[in-house]
Structure formats: C-alpha cells, structure tokens
Amino acid sequence: MNRLAVVGSTGSIGRSALAVAEAHPDRLRIVALAAGENAERLAGQVAQFAPAAVAMASDEGLQSLERELSARGVTHRPSASAGPDALVAIATRGDVDTVLFASSGTASLEAVLAAIAAGKRIALANKEILVMAGALVMDAAQRRGVSVLPVDSEHNAIHQCLEGRNLADVRRLILTASGGPFRELSAARLQDVGPEDALRHPTWNMGPKITVDSATLMNKGLEVIEARWLFGIAADRISVVVHPQSIVHSLVEFVDGSMVAQLGVTDMRLPIQYALSYPERWEAAVPPLDLTRAGSLTFEPADTTRFPCLDLAFRALAGAEGLPIVLNAANEVAVAGFLDGTVAFTAIPAVIASTMDWYEASGPEPIATIADVRRVDREARGVAAGQGRAIR
Ligand SMILES: NC(=O)c1ccc[n+]([C@@H]2O[C@H](COP(=O)([O-])OP(=O)(O)OC[C@H]3O[C@@H](n4cnc5c(N)ncnc54)[C@H](OP(=O)(O)O)[C@@H]3O)[C@@H](O)[C@H]2O)c1
C-alpha cells in the first residue's frame, strides 16, 4: 500500500490523481489532502476519501470547509490546518510514503524540501518548483537518496525512455509541444487574442495558468528547465519539436542516432499512475491508444519569432543562477495580467524579457538558499508588475 498526500488535490492534476487512487484502492490510500481556496471541492474529496488530515491556504478556507462538510452531513473530520506551515506538516507526516505535488505556482517550495528531508518519495507535477530551485531540490533529493518522479507527461515519457539506459549514451532529449491554440495564427492576429482564446487548448484539458503558458510556448520553456534538473543534462542537449497531435509525449535520441519515444493517449491519469506505481506497471482505467485511429503524426520546428518565450527559457538557463527564478516570477505576473485583461498576449514575452534585463543589470548574486530564491522571486515580481504597467 502506497500512502499518499496530494498537495493541490482540487486542481486538474489533483483530481486526476484522486481518480487514479479510486481505480486502485488496493494499492493507493489517500492519507492527506491540501488545497488552496476551493472548500466545496475539497469537502467532496473529504467525504469520498476520509483523509486523516487536510490543509488549506487560509483559515477562511477551513471555515468554508467546515460549513460545506456540515451542509453535506459528512461526519468524518480530518485534522485541519492552514497556511505554508500546514503544507509542510502534510508533506512530512509519518504515515505518508509519497507526496504528490500538484499545486500551481511557488507556494509548495518549502514543503517539497521538507518532504525530501523527511525521506518521502516525491511525485512532482508542480514544474515551477524545479524552475525556481532545481539545483537545490535535486541536490537535496540526491543527498537524502529520495526519488523525484516526474508527473509532467513529457518528463514522464523521458523517464520511461531512459529506463535502464546509460545517460552517457544520450545525445539529446527531445520534448514535444502541441504548439497550443495559436500555432497557425499570424503575428498580426496574435496581438488581438484574449484569455478565452488562449484557454481553448487543442489537446489537453488543464488549469488556466499552464494553458496560457502552452499558448505562449512558455510551458515548453519551463519544461526545458525542468528537464535540465530532473535528468542532470545540459541545456544544449535538450531540444523541442512541435507535434500537434500530442501522441508522442517525448523522445530520447542516443549517440548512434536511434530514437526511443513514448506514445499514449492525452490523459494525465497515465503519467500520474506511472509516477505512483514505478517501478511497477499497473493496468490503467484509461482506454489504450489505437494507432490505427490516431491518424498522421506530424512534427515541425517551434517558431520562436512568434513565440519568443521558448528562447527566453534557454537564455535563463545560460545566464546567472537566479535568472530562471526571474523568468518564472515575471511569467506568473504577466500571465495573471493577461488573464485579468491588463496585459496583451504579445506583451507577455516583453514583460519577461525586460524583467530579465533588469536582473542581469543588477549584479546577480549566487543562489545558495531558499531565502535567496524567495528574495529574487519577490523582487522580480515587483519589477515585472511595473514592466506590465509600462508595456501592456
Ligand atoms: N494540468 C495538467 O495537465 C498539467 C500537466 C503537467 C504539469 N502540470 C503542472 O501541475 C501543476 C498544477 O497544474 P493544474 O493544471 O492542476 O493547476 P490548477 O488546476 O490550477 O490547480 C492548482 C491546484 O493548486 C492548489 N493551490 C493553489 N495555491 C495553493 C496553496 N497556497 N496551497 C495549497 N494548494 C494550493 C489549488 O487549490 P484551489 O483550487 O483549491 O485554490 C489547486 O488544487 C502546475 O505546476 C502545472 O504546471 C499540469
């Protein structure tokens, strides 16, 4: 029995993870759940899984949860706490074997490190964590002998392709990108797209922030940084190819030119289950891919003129240690501005680039601790907000 804590249980990945747990009651047990503010959905999950503990972002959230549980006549009451310390407490419980981090943004950074220090196995969907603090997180995991298993479908695919191989035999990792909803839109028309257009992803159904990131190609940029840390491979050995059908989830090219790819349907329950079952494989409650109905599989280069965010991510990896933190912070600020209608779609990369320019000109210092990460993140958010107002 693998005893699970799910951080971000009310989100897109969190709900898929609970569906996997529901399909494997003899193998997975939900011990703890953490959410941001969605008390209604969390109450439904408490009623279904009866976890021992829950955490929410605020005390107001917990009060709403109590009201929701009473209104539904749910008698089970998990121990409940709120705020960043509550995430750490959930992630380090003695009765938890694996912590699945499915929260969005950066709130779980301290909890990830605490879970590693406590020797928990980590299943990681929350890519912003590795973008901000990849070196610190992977170094801590290596020293503690803890596995960090990728949930992101591309990294999960690469993990499967690398299984039993020697990293020295790898020429490059190839991440596939769907190209997002604007793959065929001209530069001129990109100026007018709004949030409702960007939130219509052609192949994946995901939370709003990552869906906008897919439309700008920043999602692929964040994944390049994630891959650099997860697999300990230099950025010049990571490349991206656009594959609109999202059936080949990623590939590894070996030194002899052979490529190994992982294929599957576009359903996040598959990579989540692999991360939870590894090194075993279990039957999945997902219909398998039918190659005879998949149609043509096509591949094309990414257009970084119309979608400059991908190049910005490579620039971040090549620059000062703190530059990926700045990229991530400025992106979150710009995407939030786009979603609330104050920043144009085409201004998102401009806000990020000018925030990175500011950081490089400021005389960056080494990033040695989480406090350094949080300081750079905070400063970059302030600068990006100003850039957002100036650029729009
Ligand atoms: N969706 C995908 O297919 C996919 C694929 C690969 C990787 N990812 C990555 O996985 C992460 C989650 O993505 P998503 O699409 O599932 O996002 P989402 O639907 O927006 O869900 C985010 C989750 O994080 C929770 N959360 C936010 N702030 C929190 C806090 N302070 N404390 C605890 N929980 C908090 C939210 O809670 P409330 O809703 O209750 O506020 C929600 O449960 C992201 O990093 C994303 O890049 C997603």
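Note: the structure precedes this text.
Each chain has its residues counted from 1, following the order in which its sequence is written. Confidence filtering applies because this is a predicted model: local features only for residues at pLDDT of at least 70, side-chain atom pairs given and counted only at 80 or more, and all residues used for totals across whole chains, interfaces and linings. In computing side-chain values, all of the structure's heavy atoms are included and hydrogens and water are not.

**Q** Please provide a residue-by-residue account of unusual backbone geometry, values included.
**A** For the peptide bond that leads from Y278 to P279, omega is 5°, which places it in the cis range. In this fold, P279 is placed in the loop between α12 (269-277) and α13 (309-318). Even without being glycine, A50 reaches a positive phi, approximately 45°. Relative to the helices and strands, A50 is located in the loop between α2 (39-49) and β3 (53-56). The backbone phi angle of S246 is positive, close to 50°, even though this residue is not glycine. Numbering of helices and strands runs from the N terminus, with a helix taken as a DSSP run of H or I at least four residues long and a strand as a DSSP run of E at least two residues long. Relative to the elements of secondary structure, S246 occurs in the loop between β9 (238-242) and β10 (248-254).

**Q** Please provide a residue-by-residue account of the site of the ligand, values included.
**A** Residues are counted as near a molecule or strand when any one of their heavy atoms sits within 4 Å of it. Taken together, the neighbourhood of the ligand is formed by 25 residues, with T10, G36, N38, E128 and D152 sitting nearest. With respect to the ligand, the backbone of G8 contributes an N or O atom lying 3.2 Å from an oxygen atom. Between the ligand and the protein, one listed contact pairs an oxygen atom with a backbone N or O atom of S12 at 2.9 Å. The accessible surface values rely on the Shrake-Rupley method and a 1.4 Å probe; as for residues, cover is taken only from the protein chains in view. A total of 900 Å² of accessible area belongs to the ligand in isolation, and the protein chains cover 84% of it. When residues of the shell around the ligand are traced back to their parent elements, those giving at least two are α1 (12-23) and α6 (127-144). Per-class residue counts for the shell around the ligand are ten nonpolar, eleven polar and four charged. Two N or O atoms count as a polar contact when they lie within 3.5 Å, although within protein this holds only if one can serve as hydrogen donor and the other as acceptor, and sequence-adjacent residues are included solely when both atoms are side-chain atoms. Residue type decides the class: Asp, Glu, Lys and Arg count as charged, Ala, Val, Leu, Ile, Met, Phe, Trp, Tyr, Cys and Pro as nonpolar, and the leftover types, Gly among them, as polar.

**Q** Can you explain the sheet that holds strand β4 (residues 79-82)? Please cite residues and give values.
**A** With parallel pairing, seven strands are arranged side by side in an open sheet as β4-β3-β2-β1-β5-β6-β7. The open sheet has two edge strands with one neighbour each: β4 and β7 (148-150). Strand-to-strand twist in this sheet, taken as the mean axis angle between neighbours without regard to direction, amounts to 25°. Criterion used throughout: strands pair if DSSP finds at least two bridges between them. Alignment of strand β6 (residues 121-124) against β7, held across three bridges, turns out to be parallel. Bridge pairing links A123 to L149 in β7. Only C-alpha atoms enter the line fits that serve as axes; for helices the fit covers just the stretch in contact. Angles between N-to-C directions range over 0 to 180 degrees.

**Q** Residues and numbers for the nonpolar core, please.
**A** Counting residues in each nonpolar core, the largest one holds 92 residues, and the members touching the most others are F101, L109, V137, F182, L327 and I352. Judged by nonpolar contacts, the second largest core, of 34 residues, contains I30, L33, A35 and I272. Buried residues of nine kinds, namely Ala, Val, Leu, Ile, Met, Phe, Trp, Tyr and Cys, make up a nonpolar core once their side-chain atoms join them within 4.5 Å. Relative accessibility decides the category of a residue: with a 1.4 Å probe and only protein chains considered, values under 20% of the type maximum give buried, values over 50% give exposed, and everything between is partly exposed.

**Q** Now, about the packing of α1 against α2: what can you tell me, with residues and values included?
**A** α2 packs onto α1 with a crossing angle of 10° between their chain directions and a minimal axis gap of 12 Å. Relative to α2, the element α1 is oriented roughly parallel. Here α1 contributes R15, L18, A21 and E22 to the contact with α2, which in turn contributes R41, Q45, Q48 and F49. Class assignment of the residues belonging to the contact of α1 with α2 gives a composition of three nonpolar, two polar and three charged. Reported orientations rely on four angle classes, namely roughly parallel under 35 degrees, roughly antiparallel over 145, roughly perpendicular from 65 to 115, and oblique for the rest. When checking whether two residues touch, look at their non-hydrogen atoms; a contact exists if any pair is within 4.5 Å.

**Q** Give a detailed account of the packing of aromatic side chains, specifying residues and quantitative values.
**A** Two rings from Phe, Tyr or Trp (for Trp, the six-membered ring) form a pair when their centres are within 6.5 Å of each other. A pair whose planes differ by under 30 degrees is stacked, one over 60 is edge-to-face, and the rest are tilted. Scanning the model with the defined rule gives four aromatic pairs in all. Geometrically, the ring pair formed by Y274 and Y278 is tilted, given 5.6 Å between the ring centres and 50° between the ring planes. Under the relative-accessibility criterion, Y274 is labelled buried at 7%. With centroids separated by 5.6 Å and ring planes inclined at 65°, the aromatic side chains of F338 and F345 adopt a geometry described as edge-to-face.

**Q** Pulling in residues and values, what's your account of helix α7 (residues 153-162)?
**A** Residues spaced three or four apart along an α-helix point in a common direction, a consequence of the helix completing one turn every 3.6 residues. Most of α7 is tucked away: ten of the ten residues are buried. Of the residues making up α7, those classed as buried are S153, E154, H155, N156, A157, I158, H159, Q160, C161 and L162. Next to the buried residues of α7 lie β7, β8 (170-177), α11 (218-230), β10, β11 (259-263) and α12. At the exit of α7 stands G164, carrying a positive phi of roughly 80°.

**Q** Account for the sheet that holds β10, with residues named and values stated.
**A** The four strands are arranged β9-β8-β10-β11 in an open sheet whose pairing can be described as mixed. Across the chains shown, the open sheet's two edge strands, defined by having one partner strand only, are β9 and β11. Across the sheet, the mean angle separating the axes of adjacent strands is 20° when strand polarity is ignored. Looking at chain direction, β8 and β9 are connected through five bridges and run parallel.

**Q** Would you mind going over the environment of A43 in detail, with residue names and values included?
**A** Relative to the helices and strands, A43 is located in helix α2. A relative accessible area of 0% means that A43 is categorised as buried. A43 sits 25 residues away from E68 along the chain, and the two C-alpha atoms are 6.1 Å apart. In contact with A43, not counting residues within four places along its chain, are L65, E68, L69 and R72.

**Q** Any chance you could break down α2 for me, citing the residues and the numbers?
**A** All of the buried residues in α2 are A39, L42, A43, Q45, V46 and F49. Burial along α2 is one-sided: seen end-on, the buried residues are contained in an arc of 165°. The inward-facing, buried residues of α2 contact α1, β2 (28-34), β3 and α3 (59-71). In the segment just after α2, A50 is the residue with positive phi, at about 45°. What the arc covers is the set of directions going from the helix axis to the C-beta atoms.

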